[in-house]
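Examining the three-dimensional arrangement
Chain residues, written in single-letter form:
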Amino acid sequence: MTDDRLIVALDVPNALEGLKLAETLGDAVNFYKIGLGMLTGGGLALANELKDEFGKKIFLDMKLFDIGNTVEAAVRGLAQFDLDFLTVHGDPHVVRAAAEGKGGKDMKILAVTILTSLDRSDLDAGLIKPGNVQDLVLERAARAMEAGADGVIASPQEAALIRALPEAEGKLIVTPGVRPAGAALGDQKRVATPAQAIKDGADHIVVGRPIRNAPDPRAAAQAVLAELAAI
């Protein structure tokens, strides 16, 4: 049985390349993330094809942010595709609108706390209030879950702290910024290995480049899965 704790990010230019990678990974991987970068390259069509024809699970990483009515309408439209996960920014008004928009669908609304590519200097440049990054992540996570998020997206370095929050009971934690030992960090600044992220409380990990750019992507995915199986 495939381990759904591993989500592979299909961060490629278009649906054809995404489908090719999914076919290369075959039955080793059952859960895929499709992000905003592929939206104009057939991302939604690929999501539907992977789900309907191949039986895969789909995480649509749109990080929606807008006024409540617009977010609600967008989520209502996306919910019709029976996707598994959808991201929105963790601002309470956005989360409440998304929760309303999904209606009775089982699609999980995941709130973004602070992007894993950002550090304190980035937050200063964006005029985000002063404070330790982890403290801000915890505060945003708690508020998002109170507002109705089914879970949060957070750095593996914050997973254990979020898991300990009273608001996190029964909620999902999904962690990007996961790099197998020895892999390049790329644009991620707050990272951990797959096993450490799960040990720290993550339910799912998202891995992209270390699998996608490997000489043998299927073998790279299987190595991550073996690491998870050994926990």
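Rules and cut-offs
- Along each chain, residue indices are assigned from 1 in the same order as the chain's sequence is written.
- Owing to the predicted nature of the model, reporting of local features is limited to residues with pLDDT of at least 70; listing and counting of side-chain atom pairs is limited to 80 or more, with chain, interface and lining totals taken over all residues.
- The side-chain values count all of the structure's non-hydrogen atoms but skip hydrogen atoms and water molecules.
- Put simply, DSSP marks the helices as runs of H or I at least four residues long and the strands as runs of E at least two long, and each gets a number from the N terminus on.
- For the radius of gyration, the atom set is restricted to C-alpha positions; the globular benchmark scales as 2.2 Å times the number of residues to the power 0.38.
- Burial status follows relative accessibility: with a 1.4 Å probe on protein chains alone, a residue under 20% of its type maximum counts as buried, one over 50% as exposed, and anything between as partly exposed.
- Here, residues are in contact when the closest pair of their heavy atoms is within 4.5 Å.
- All tallies of charge rest on Lys and Arg as positive and Asp and Glu as negative; His and the ends of each chain are not included.
- To locate a charge, the coordinates of NZ of Lys, CZ of Arg, CG of Asp or CD of Glu are taken.
- All axes are obtained by fitting lines to C-alpha atoms, using only the stretch in contact for helices, and the reported angles, taken between N-to-C directions, cover 0 to 180 degrees.
- Angle categories are assigned with fixed cut-offs, so that under 35 degrees is roughly parallel, over 145 is roughly antiparallel, 65 to 115 is roughly perpendicular, and the rest are oblique.
- Crossing handedness is read from the near helix: turned anticlockwise from the far helix by less than a right angle, it gives a left-handed crossing, and turned clockwise, a right-handed one.
- Put simply, Ala, Val, Leu, Ile, Met, Phe, Trp, Tyr, Cys and Pro go in the nonpolar bin, Asp, Glu, Lys and Arg in the charged bin, and everything else, Gly too, in the polar bin.
- Here, strands pair whenever DSSP counts at least two bridges between them.
- Between the rings of Phe, Tyr and Trp (Trp by its six-membered ring), a pair exists once the centres lie within 6.5 Å; its type follows the angle of the planes, with under 30 degrees stacked, over 60 edge-to-face, and the other angles tilted.
- Convention used here: a crossover is right-handed provided that the path from the first strand, over the helix, to the second strand proceeds clockwise when the strands point away from the viewer.

Below, the discussion takes up the overall build of the protein. What the protein contains, in helices and strands, is 10 helices and eight strands. At 17 Å, the protein has a C-alpha radius of gyration in line with the 17 Å of a compact globule built from 231 residues. Counting all 231 residues of the protein, 50% fall into the buried class. For the protein, restricting intrachain contacts to residue pairs at least 6 apart in sequence, the fraction spanning at least 24 positions comes to 65%. Both charge centroids of the protein, one from 25 positive and one from 32 negative side chains, sit 1 Å from each other.

With their axes 10 Å apart at the nearest point, helix α6 (residues 133–146) and helix α7 (residues 156–163) run at an angle of 50° to one another. Between α6 and α7, the crossing angle belongs to the class labelled oblique. Two packed elements cross with a definite hand, and for α6 against α7 that hand is right-handed. Along its contact with α6, which presents Val-133, Gln-134, Val-137, Leu-138, Ala-141 and Met-145, the element α7 presents Gln-157, Glu-158, Leu-161 and Ile-162. Its residues assigned to classes, the contact of α6 with α7 comprises seven nonpolar, two polar and one charged.

The next subject is the sheet that holds strand β4 (residues 85–89). Two modes of strand pairing occur in sheets, parallel and antiparallel, and in both the strands are linked by backbone hydrogen bonds. The parallel closed barrel is built from eight strands, whose spatial order is β1-β2-β3-β4-β5-β6-β7-β8. Between one strand axis and the next, the sheet turns through 25° on average, direction left out of account. Where strand β2 (residues 31–35) lies against strand β3 (residues 57–64), five bridges are found, and the strand directions are parallel. Among the inter-strand pairings, Ile-34 is bridged to a residue of β3, identified as Leu-60. Strands β3, β4 and β5 (108–112) of the sheet are contacted by helix α3 (residues 68–79), whose axis makes an angle of about 165° with β3. This element, helix α10 (residues 217–229), spans β1 (6–9) and β8 (204–207) of the sheet and lies at about 155° to β1.

In the structure shown here, the tally under the stated rule is two aromatic pairs. When the centroid spacing of 5.1 Å and the interplanar angle of 45° are considered together, the rings of Phe-31 and Phe-85 count as tilted. One end of the pair, Phe-31, is in strand β2; the other, Phe-85, is in strand β4, and 54 residues separate them in sequence. With respect to burial, Phe-31 and Phe-85 carry one shared label: buried. Relative to Phe-85, the ring of Phe-59 lies with its centre 5.9 Å away and its plane at 65°, an arrangement referred to as edge-to-face. On the criterion of sequence distance, the pair formed by Phe-59 in strand β3 and Phe-85 in strand β4 is long-range, its members being 26 residues apart. An aromatic cluster of at least three residues, connected via ring pairs, comprises Phe-31, Phe-59 and Phe-85.

Relative to the assigned elements, Glu-169 resides in the loop between α7 and β7 (172–175). Separated by 24 residues in sequence, Glu-169 and Met-145 have C-alpha atoms that sit 9.6 Å apart.

Our focus in this paragraph is the pairing of β4. Each regular strand carries side chains that alternate between the two faces of the sheet. Among the five residues in β4, four count as buried, and that is most of the element. Examined bridge by bridge, β3 and β4 share three bridges and lie parallel to one another. Across the sheet, Leu-60 pairs through a bridge with Leu-86, a residue of β4. When β4 meets β5, the two strands line up parallel, connected through five bridges. Counterpart to His-89 in the pairing with β5 is Val-112. One crossover worth recording links β4 to the parallel β5 by way of helix α4 (residues 92–101), and it is right-handed.

Let us look at the packing of helix α1 (residues 15–25) against helix α2 (residues 43–52). Two measures define how a pair of helices packs: the angle their axes make with one another and the distance between the axes. Packing of α1 against α2 brings their axes to within 9 Å, and their N-to-C directions diverge by 25°. Between α1 and α2, the angle falls in the class roughly parallel. Note that α1 runs across α2; the crossing there is right-handed. Along its contact with α1, which presents Ala-15, Gly-18, Leu-19 and Ala-22, the element α2 presents Leu-46, Glu-49 and Leu-50. Class assignment of the residues belonging to the contact of α1 with α2 gives a composition of five nonpolar, one polar and one charged.

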